Structure formats: C-alpha cells, structure tokens
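What the coordinates show
Each chain is listed here by its residues.
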Amino acid sequence: MSLAQKPKVPGAAARAPWADPDAKPFIRIRNVTKKFGDFVAVNNVSLDIYRSELFCLLGGSGSGKSTLLRMLAGFEQPTSGAIEIEGQDMAGAPPYDRPVNMMFQSYALFPHMSVADNVAYGLKQDGVPRAERDERVAEMLRMVKLEPYGKRRPHQLSGGQRQRVALARALAKRPKLLLLDEPLGALDKKLREETQFELVGIQEKLGTTFIVVTHDQEEAMTLATRIGVMNQGQITQVGEPREIYEYPRSRFVANFIGDVNMFEGRILVDGVDHAVIDSEEAGARIRIGYAVPGREGDPIAVAVRPEKILMGRERPAETENVLSGVVEDISYLGGLSHYRIRLPSGKRVRITQTNRDRHEDPITWEEPVFLSWETPSGVALSS
Amino acid sequence: MRSGSFLLIAASLGFLFLYAPIVSLVVYSFNDSRLVTVWGGFTTKWYGELFKDVALVNAALVSLKVAVIAATLATILGTIAGFVLSRFGRFKGRLLFTGMVTAPLVMPEVITGLSLLLLFVGLEQATGWPAGRSATTIIIAHTTFCLAYVAVVVQSRLAGFDRSLEEAAMDLGARPLKVFFSVTLPIIAPALISGWLLAFTLSLDDAVIASFVSGPGSTTLPVEILSRVRRGVSPVINALATLIIVVVAVGFLIASLLMIRAERQRRRDEQKALAGK
Amino acid sequence: MSAPDLAGAGTAMAAPEPWAQRLAPTLHRLGVTKGAETRGAVALIGLGLAWLVFAVMLFSNKGVGFGTIIYAILGLGLALWLLRVLTDGRRLVIALPMIWLLLFFLAPFLVVFKVSVAEQLIAQPPYSPLFTWAEGKLQITAHLENYQFLLEDRFYIDAYLTSIRIAAISTILCLFVAYPMAYAIARSSPAWRNTLLMLVILPFWTSFLLRVYAWIGILNNNGVINNFLMWLGVIDEPIVMMQTNFAVYVGIVYSYLPLMILPLYTTLEKLDGTLLEASADLGAGPIRSFLSITLPLSLPGILAGCLLVFIPAVGEYVIPALLGPSDTLMIGRVLWDEFFTGRAWPIASAVAIAMLLFLVAPIMLFRNAQGQTGEER
C-alpha cells in the first residue's frame with residue numbers, strides 16, 4: 001500500500017489566495033449544520049472564501065446551496081457551527097446588521113416603488129443624506145446602464161432590466177459581500193450569456209466578493225474563480241473550474257459536471273507513481289498516472305471524458321487503456337460528432353470527436369473500432 | 001349544442017332567481033297602496049315618509065357610526081392577527097390564537113350575541129363598565145366577529161405574497177417594524193381595503209348580534225328593520241331597500257370601473273416593457 | 001411547594017434587572033435608539049399601563065368582597081404579564097389581538113357556561129350567582145337542571161335535528177341551483193365572465209335582511225306568486241307558502257347562493273378544457289365526460305361551497321324567524337325565543353353550550369381536518 005497522492009493540477013493559479021497557506025480568508029464557514037426538523041439541509045460544511053473572489057456554489061435542487069446562502073445573509077441561523085465575515089462571528093446577527101447584501105432569484109423588487117426608490121432603499125435605511133443618496137443611485141443606474149429608467153416602476157421593465165435593477169439595488173450600499181441566488185436563472189439563453197460577462201465585468205471593477213448560487217454548470221464554469229460542488233448538504237469538492245472538470249474527486253462530481261465515461265474495476269497494481277486497474281466492464285487494464293488510495297483488490301472507478309478518447313479502425317500498439325467495441329450510434333452535429341460504442345461487456349461508451357477532416361471513408365454504424373486514451377486522461381475515483 | 005343550451009337556460013333561470021326578488025322590492029317601493037303587493041298606482045310618497053321616520057333615520061345614523069368604527073378597529077386588529085398567523089411560525093398559544101381567530105367564522109350569530117351580552121352584563125355587575133348597552137357594546141361585538149373575516153382576507157393575501165420582498169428589505173438594512181410599514185403594508189393595502197369594506201358591510205348587515213347587545217337608545221338599522229318586518233311588510237321598508245340597493249350598485253359599479261381601468265393600464269405598461277421601450 | 005422553590009419564584013418576579021436588560025435589544029430591534037432615557041421612559045409607560053389596568057380592576061368594584069380579591073389577583077397577573085410582553089416586540093404584536101379575543105371571544109363563553117349552571121330568578125340579571133360568599137366560606141352552587149331539561153324535553157332535540165335536516169336539504173338544493181350557473185360562467189367568454197361574476201356577488205353586498213324580506217312579499221298569500229297565478233286562473237285559492245319549510249328552503253338557497261357559486265366557479269374555471277377534449281376523443285359522450293371528469297375534479301369546490309352554505313344555515317335565525325313555520329323550530333330561533341320571549345337566560349345559555357358542543361365543535365374539527373388534507377395536496 002502506498003500513500004495516496006493528489007493528482008497534480010497543472011496550471012493552477014500559483015498566486016491565488018487559496019493556494020497560499022498564509023492568506024487570511026475573508027469568510028470562514030466552520031462546521032456549519034442546518035436542520036429543519038429531522039431534515040438535514042446543510043451537513044457539517046466548512047469553507048473558506050477569500051476577498052474579491054467570485055465563488056460559485058453549484059448543486060442540484062435540495063443540495064443545500066440556497067440554505068447555505070441564506071445563512072450567510074442571516075435569514076437562517078445555523079443549527080451548529082459558526083460563520084465569520086472578516087473575522088467577526090455572525091452568530092445571532094440579524095440580516096439588517098450584516099455587511100452583506102443579496103440579489104434574490106425573483107429579484108424581489110418592491111412593486112410600489114420606482115426603480116430609483118428601489119435602489120435608494122438600502123441607503124435610506126442607513127440614513128445617507130439625500131444629496132449623496134441621489135448621487136449614488138445615479139452612479140448605480142449608470143453602472144447597469146439604466147440611467148433613463150429611474151422613474152419607472154418594476155412592472156414597466158423587461159426581465160433583463162429588472163435583473164439589472166436588482167443588481168444595482170444590492171450593490172448600492174457597497175456591501176463587502178454580495179450574495180447572488182440564481183442571478184441569471186430567469187433570463188432566456190441569449191440574454192444570459194451576455195449578462196454573464198457583464199456580471200464578471202462589474203465584479204472585477206468593484207472588487208466586491210461575490211458568492212453565486214447556481215444549478216447551471218456552464219454558468220458556474222464561466223463565472224467562477226472557484227466552484228464548490230454541493231450534494232446532499234455537503235460540499236463534495238472545491239476548486240477552480242478546470243480542476244473540477246479535469247480532476248473530479250468523486251463519482252458524483254464527475255457525473256454532475258460534463259459528460260463522463262465511468263469504468264468500474266479493482267486495483268491490480270498500486271505503484272509509487274502509477275496504478276493499474278483491472279476493469280471487466282471495460283474489458284481491459286487501465287493505467288492511472290498517479291498512486292491511488294486503497295489496497296490492491298479494492299474496488300475503484302476510472303472516469304474518462306468523451307473528448308479524450310481516440311477512436312480508430314486499427315488496434316493501437318499499447319496494451320493498456322485500449323478497448324474494443326462496435327459503433328452503435330452516431331449523431332453528427334456539424335462541428336462535432338457524438339458516438340456511442342458498445343463494448344463486449346454490454347457497456348456503452350460515449351465519445352466526442354471534432355470533425356477536423358472531411359473523411360472520404362468515415363467510421364459508420366456497426367463497424368468494429370478500437371478506443372484508447374493517454375494515461376493522464378484517466379482519473380481514479382474511490383468515492 | 002344541447003349541453004350549451006341547457007347551460008344557457010339554467011344560468012338565465014339562476015340569474016332570474018337572484019334578481020327577481022330585488023326587482024320586486026324596487027317596484028313595490030313605488031306602489032301607492034299600503035298593501036305592499038297589491039298594485040295601486042305609481043307614487044314616490046314612501047320615500048318622503050322614509051325621511052320623516054325619525055326612528056329609522058336615527059337607526060341608520062347609529063348603524064353608520066358603528067360600522068365605520070367597528071370596521072376600522074377590526075381592520076387594525078385583523079391585520080395584526082392575519083400577519084401573526086402567516087408570519088410568526090410557532091409560538092406559545094398559537095393553537096388557541098388560531099382557534100379564536102377562525103371560530104367566529106363558524107359561530108352561529110345567536111351564540112355570539114348571547115355570549116357577548118352575558119359578558120357585558122357580568123362585567124357591568126362586577127366593574128360598573130359598560131354602563132348598560134350602547135353603541136359601544138355593539139362596536140365591541142362587531143369588531144370581534146369582523147376581525148376574523150379581515151384576518152382571513154389578510155392571511156390569504158400574505159400567503160400569496162413573495163416573502164423575498166420582506167427579506168430583501170431586511171437585507172437592505174430595514175428593521176422588522178420598518179419592513180412592515182415600508183414594504184408589507186403598502187403592498188397588501190388593497191387587501192386591507194377589501195377587508196375594511198367586508199367588515200363594514202357585515203356590520204351594517206348584522207341584525208342578530210346587534211339585537212342582543214344594543215340598548216334602548218342605540219338601535220341599529222337592521223335591528224329596527226327586523227322588529228318592523230316581524231310585524232309585517234311595509235312600503236317604507238321597500239323604499240329603504242331600494243335606496244340601499246342603488247347605493248351599493250353605484251358603489252360597486254364605480255369600484256369595478258376603477259379596477260378595470262387600473263388593470264388595462266398595467267397591461268399596457270407590461271406590453272411597453274416587453275417591447276423594450 | 002418547597003422553600004427553595006418559593007424563593008426562586010420570588011426573585012424571578014421581583015428582579016428588575018433581567019427584564020430591563022431584555023428590553024434593550026427589543027427596543028433596538030423596534031428602531032428605538034439606544035439610551036438610558038428612552039429605556040426608562042418606556043419601562044415607566046409599561047408599568048403605568050399595567051398599574052392602570054390593575055387599578056381599574058380593583059377600584060371600580062362596588063364594595064370590597066370576594067370579587068375584589070379575584071380581580072386583584074387577575075390584575076396583578078395581568079400587570080406582570082404586560083411587563084413580560086413589553087419586553088419583546090414579537091409578543092407585543094401577538095398580544096394586541098390576543099387580549100381582545102380573550103376578553104371578547106373566549107371570556108364570554110365562560111360567562112355563558114356560568115349562567116348555564118345557574119338557576120332562573122326573577123331579578124336583574126335573571127339568574128343566580130355561581131359563587132357566593134356566605135359565613136366566611138366560599139360556596140359554589142351549580143345547577144345542572146337546565147341540561148337535564150334539554151335532554152328530557154323532546155322539543156330541544158327535535159329542534160336540533162330539524163336544524164341539521166333543513167340546513168342539509170337547503171345546501172343540496174343550493175348546489176343544484178349553483179352548479180349549472182357556475183359552470184355556465186366558467187365556460188362563458190372571458191369578456192362576459194367578470195360581468196357575470198359581479199352580478200353574482202352584487203346581491204351579497206346589499207342587505208341580507210332586506211333580501212329575505214323581499215320573499216315575504218313574493219310568497220305571501222296575497223303575494224306576487226299567488227296574485228299572478230290567480231290572475232292567470234291556474235288556482236282559485238292562494239297556495240300557502242309563507243311560514244312553511246318550503247319558504248325556509250327558498251330563503252336559505254337564495255341568501256347563500258353566491259357562497260356556493262364562487263368556490264364552484266373557482267374550481268371549474270381552473271378545469272383544463274383539453275381533459276374534456278381528450279375524453280371526447282376517447283369516445284365518451286358529454287354526460288359520461290361530465291360524470292367521469294368534470295364532477296370528480298370539481299369535488300373540492302363542491303365541498304367548500306357546501307360547507308360555506310351549511311355552516312351559517314344551521315344556526316340561522318333571521319330566515320326561519322321571517323319565513324318559517326312557528327311549530328317546527330330551528331335551534332337558533334329556539335335560543336332567541338328562550339332568551340327574549342321567555343327571559344330564560346340559564347336555559348338559553350344551556351342551549352348555547354349544547355350548540356357549541358354538538359354543532360360548532362364538530363364543524364371546527366371537520367374544517368381543520370379538511371384544511372390539513374388540503375395542505376398535503
């Protein structure tokens with residue numbers, strides 16, 4: 001048995017605060033649990049978030065991401081554990097006493113106030129003098145490009161405009177931390193893509209720490225400096241988008257983000273810098289480029305992304321990471337093609353190939369093929 | 001189609017059933033015969049007699065005063081009660097509170113009337129207050145049962161209320177009391193108005209409870225009408241009924257016209273917004 | 001109670017420190033700025049208010065007797081409770097309607113109960129006291145004769161059963177009148193729908209009493225219907241309709257028709273038209289489609305409407321008093337007559353308590369169960 005090594009992540013931002021063991025986290029969530037009756041919504045979550053991050057909490061519905069966000073805002077109190085913002089324990093602090101503002105999924109714009117009054121609401125609560133207030137409101141509306149709309153009521157705006165008013169209102173008090181609950185969820189696809197970049201632009205300009213809750217993995221990948229994947233009340237993995245995609249640490253994360261082929265097997269050889277896994281399902285031996293956790297003979301899974309698998313008519317020279325099968329289905333999408341290959345074990349493997357060449361003789365249905373991938377492409381998952 | 005014509009006939013008969021008695025009330029108020037249902041020619045003299053009838057006019061004034069005060073009190077207390085029911089979650093005595101708020105809705109009027117009268121008699125015996133039955137005791141009685149209706153109206157409005165609006169206000173630094181007055185109250189204001197109108201109407205309409213708790217100098221209009229009607233029909237009552245029907249119908253018409261106009265305006269605004277102007 | 005317990009209770013009551021401290025965050029939450037002066041002022045107002053209630057309770061009593069002691073204790077309890085309430089904004093909000101309802105809704109029933117176990121006297125008020133203070137001893141005199149009387153005299157049980165029967169029959173009649181109307185409104189074009197609905201609601205805002213009164217003129221022996229039929233020559237003698245159960249049914253159906261139509265309309269309007277199309281597509285005729293699709297799906301509306309009509313109808317006084325016969329009485333009218341005509345306050349109170357137990361309580365329980373299953377859905 002050897003000690004498990006973490007796969008080395010190439011290209012991780014070396015100077016990022018989360019890579020620096022001496023950096024002081026801006027928000028510390030320590031062993032936070034939230035129960036509603038018998039139901040455990042958030043289960044012993046610990047997480048550090050650093051200043052000026054754009055952190056995405058990614059998870060399905062009921063994963064606890066929204067509850068975690070609501071605890072940061074102060075709408076819910078943790079059943080146990082502590083939340084610190086800038087070193088201050090937030091226990092018992094009501095929402096109106098926190099240096100935190102939130103942008104709601106429904107936007108929650110006050111329907112009986114004009115756009116300008118909505119943006120000014122938070123400043124009014126703080127007793128900001130009128131002249132300064134007006135100036136700040138104008139500045140905020142300029143930032144979200146809604147200057148001419150100050151006198152309108154929310155119902156006189158389109159969905160995208162409402163979203164920007166909600167953002168302006170949440171940022172008007174210059175909070176240290178902005179929480180965004182599915183900020184782009186209510187927009188249609190085209191608008192969502194434009195707004196993603198605007199949001200990142202505003203965040204970079206102001207330097208405010210953003211925590212975004214979303215169920216949309218593409219959105220998380222585009223926006224985030226780091227992603228925390230949540231499942232059943234727990235954070236299963238935290239990392240930069242690339243790290244989460246290329247080196248998922250569990251079957252759940254591998255499946256949740258992107259497409260993946262999963263081969264179940266047992267550890268055959270567990271070396272110092274590599275491991276070999278015997279997979280009946282794949283009908284082959286699979287080589288992993290690092291030592292895996294566990295003993296020889298233990299069950300383990302190997303994840304390989306569809307775009308990392310090569311396909312050909314001739315058997316490659318290698319003896320490991322080579323599978324044979326029959327093409328079962330092809331969907332041609334123009335730039336890409338998706339293939340489904342049936343292995344002798346009955347397992348289906350998905351492959352994505354870019355159509356770089358205009359083949360005269362393309363691989364077609366029911367044709368026997370060989371699949372292979374480079375050793376660093378495989379990731380071993382024990383949980 | 002067969003089922004279509006059946007529906008049409010049934011609905012027409014239904015509306016005839018609803019309105020025929022009202023029409024007959026109005027028609028016979030112009031009947032120049034003391035026997036209400038025997039036609040004796042057209043007259044408007046009963047309207048003149050109605051305004052000369054001091055007892056009826058006084059009773060109407062008492063009724064209006066009682067209804068305005070009771071509806072206002074009921075709206076204040078009922079709004080608080082509805083807010084507590086839909087926003088406060090669990091608290092000690094919640095079951096009792098819910099029971100007391102909803103029970104008046106199913107309580108027969110005779111029981112409410114009797115129990116309040118006995119309370120007032122007992123209280124007067126023990127403390128000297130209230131001294132006899134008066135408009136005050138009617139107001140207390142009406143506030144109590146109207147409160148329940150207002151609470152239900154407010155509670156159902158709050159149930160359909162996006163809670164994140166209140167959370168957003170709190171998130172932006174407003175304390176609970178401020179949230180209530182700056183966000184919750186303005187948004188549920190229409191429900192409060194309809195709650196007030198409902199309470200006002202219920203109070204104006206109540207004959208049974210008021211019969212128990214009204215005193216000699218404080219007869220309300222329904223109590224007066226009830227005691228006269230038990231003695232038989234009278235064209236003066238028809239005239240009064242016609243006046244009430246006209247007032248209600250006109251008020252109703254104005255209210256619905258205003259509502260339709262507001263709705264149209266809102267729709268126009270939304271279309272403009274969607275067009276991106 | 002043991003000695004340490006007593007001591008503990010004493011300090012909890014007397015200690016001014018904890019509640020003054022508790023007051024501070026509450027005031028802060030309520031938006032009052034921190035400051036000893038404001039805190040003191042509010043504390044004083046609270047104490048003053050509590051004392052005022054206490055004093056009114058204590059001194060407005062004529063003479064000092066057993067009642068004074070009870071009110072003194074009640075007043076003190078109230079004062080202490082008010083202090084607790086004033087230290088918490090949440091409690092303060094709950095307290096306003098709570099106090100009102102305790103005083104004017106719950107307390108009256110205790111008085112009714114008290115009177116129901118009293119003896120009828122020719123006095124002012126016409127019943128005997130429950131507590132008496134004689135020879136230095138507290139005496140409780142409860143008379144159960146009133147309840148015994150209710151059980152022995154068939155009259156009361158009959159009235160109770162009659163009320164339930166009449167209310168049930170009227171409710172079903174009302175359903176039959178209301179269903180086609182609600183269905184027709186739900187199927188009408190959207191432009192008509194609101195107008196028709198308004199026409200349904202409009203009579204409801206006019207006086208209930210006068211709408212019942214209108215039927216006297218119609219059903220009387222020389223009323224509209226009889227005059228019309230005699231003019232036609234269909235009948236020679238007027239048909240007696242007034243002061244019959246028929247008149248009561250008509251009155252109840254007429255008065256509560258909007259209450260039945262509205263919930264029916266709400267469920268029928270939500271009914272998905274494609275379901276009926278699917279049913280027709282699968283070969284069901286209109287009647288079959290109605291019975292197997294529309295009717296079952298509108299059951300919640302039917303139930304809600306029936307409850308809304310049945311509940312007020314069963315305790316109704318005005319309709320049976322104006323239109324009904326004088327021999328078969330409904331329970332509401334019995335209570336009224338006992339109280340006003342017979343001046344039999346104890347019997348009337350016993351009738352009220354019996355109605356609470358056998359009419360109101362089951363209805364409340366049923367509504368509760370109904371509401372819970374509704375939430376589960």
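Take the overall build of chain A next. Scanning chain A from terminus to terminus reveals eight helices and 20 strands. Scored against the burial criterion, the 383 residues of chain A give a buried share of 50%. For chain A, the share of sequence-separated contacts (at least 6 apart) that also reach a separation of at least 24 residues comes to 66%. Here chain A displays about 18500 Å² of accessible surface, and carbon together with sulfur accounts for 48% of that area.

Take the pairing of strand β2 (residues 39-49) of chain A next. All names here are of chain A. In this structure, strand β1 (residues 27-36) lies alongside β2, joined through seven bridges in antiparallel fashion. Within the sheet, the bridge partner assigned to F36 lies in β2 and is F39. Taking the residues between adjacent antiparallel strands as the criterion, β1 and β2 are bridged by two residues, where G37 takes a positive phi near 65 degrees.

Looking down a regular strand, the side chains alternate between one sheet face and the other. Residues and elements named next belong to chain A. Residues S337, Y339 and I341 of strand β17 (residues 336-342) are buried on one face, while the alternating residues L336, H338, R340 and R342, pointing to the opposite face, are not. Bridge count between strand β16 (residues 322-332) and β17: six bridges; the pairing is antiparallel. Counted as the bridge partner of Y332 is S337 from β17. What sits between β16 and β17 in their antiparallel hairpin is a turn of three residues, with G334 showing a positive phi close to 95 degrees. Bridge count for β17 against strand β18 (residues 348-354) is seven bridges, and the pairing is antiparallel. Bridging from a neighbouring strand, Y339 pairs with I351 of β18.

Once that is clear, we can look at the confidence of the model for chain A. Predicted confidence across chain A gives a mean pLDDT of 89, with 96% of residues reaching 70 or more. Segment residues 1-6 of chain A is flagged for pLDDT under 50; beyond a separation of four residues in sequence, or across chains, it makes 10 contacts in the model.

We now examine the sheet that holds strand β20 (residues 379-381) of chain A. Residue and element names in this part refer to chain A. The strand order across the open sheet formed by five strands is β13-β12-β11-β14-β20, and the pairing between neighbours is antiparallel. Both outer strands of the open sheet, β13 (284-288) and β20, are each paired with one neighbouring strand and no more. Between one strand axis and the next, the sheet turns by 45 degrees as a mean value, whatever way the strands run. Of the strand pairs in this sheet, strand β11 (residues 261-270) and strand β14 (residues 299-304) are connected by six bridges, and their pairing is antiparallel.

So, on to the sheet that holds strand β9 (residues 226-231) of chain A. Residue and element names in this part refer to chain A. One open sheet accounts for six strands, arranged β6-β7-β8-β3-β9-β10; its pairing is mixed. Lying at the two open borders of the sheet, with one neighbouring strand each, are β6 (100-103) and β10 (234-239). This sheet shows a mean twist of 20 degrees between the axes of neighbouring strands, independent of strand direction. Note: strand β7 (residues 177-181) against strand β8 (residues 209-214), five bridges, orientation parallel.

Here we come to a nonpolar patch on the surface. On the surface, B:F51, B:V57, B:L61, B:L64 and B:L243 cluster together into a nonpolar patch covering about 450 Å² of accessible area. Considering each element in turn, the nonpolar patch owes the most residues, three residues, to helix α3 (residues 54-87) of chain B.

As a further point, take the packing of helix α6 (residues 135-159) of chain B against helix α5 (residues 89-116) of chain C. Packing of α6(B) against α5(C) leaves a shortest axis separation of 10 Å and a crossing angle of 115 degrees. The orientation of α6(B) with respect to α5(C), classified from their angle, is roughly perpendicular. Where α6(B) crosses over α5(C), the two elements pack in a sense that is left-handed. Every residue of α5(C) that contacts α6(B) at B:I140, B:T143, B:T144 and B:L147 is listed here: C:W100, C:L101, C:F104 and C:F105.

Residue and element names in this part refer to chain C. By the definition in use, this model includes zero disulfides over all chains. Note on C174: no disulfide assigned, nearest cysteine sulfur contributed by C306 at a separation of 8.2 Å. With relative accessibility at 0%, the residue C174 sits in the buried group.

Quick notes on the rules
- Per chain, residues are indexed from 1 in the order of the written sequence.
- Written order decides the labels, with chains lettered from A and ligands numbered from 1.
- Local features in a predicted model are, by the rule used here, given only for residues with pLDDT of at least 70; side-chain atom pairs are given and counted only at 80 or more, and totals for whole chains, interfaces and linings are based on all residues.
- Each side-chain value is worked out from all heavy atoms of the structure, with water and hydrogens disregarded.
- A run of DSSP states H or I qualifies as a helix once it reaches four residues; a run of E qualifies as a strand once it reaches two. Both are numbered from the N-terminal end.
- Only protein chains enter the accessibility calculation, which uses a 1.4 Å probe; a residue is then buried when its area is under 20% of its type maximum, exposed when over 50%, and partly exposed in between.
- The contact criterion used is simple: two residues touch if any of their non-hydrogen atoms lie within 4.5 Å.
- Per-residue and other accessible areas were derived by the Shrake-Rupley procedure at a 1.4 Å probe size, with only the shown protein chains allowed to occlude residues.
- Between any two strands, pairing holds if DSSP finds at least two bridges.
- Values of pLDDT, which run from 0 to 100, indicate the predictor's confidence residue by residue.
- Fitted lines through C-alpha atoms serve as axes, helices being fitted only where they are in contact, and the angles separating the N-to-C directions of these axes extend from 0 to 180 degrees.
- Patch construction takes residues with relative accessible area above 30% that form no salt bridge. Like charges are linked within 9 Å, and nonpolar side chains (Val, Leu, Ile, Met, Phe, Trp, Tyr) are linked within 5 Å.
- What makes a salt bridge here is a side-chain nitrogen of Lys or Arg within 4 Å of a carboxyl oxygen of Asp or Glu, nothing more.
- Throughout this description, any angle smaller than 35 degrees is read as roughly parallel, any larger than 145 degrees as roughly antiparallel, any in the 65 to 115 degree range as roughly perpendicular, and the remainder as oblique.
- Handedness of a crossing is defined here by the sense of rotation of the near helix relative to the far one, left-handed for an anticlockwise turn of less than a right angle and right-handed for a clockwise turn.
- Two cysteine sulfurs form what is called a disulfide whenever their separation falls within 2.5 Å.

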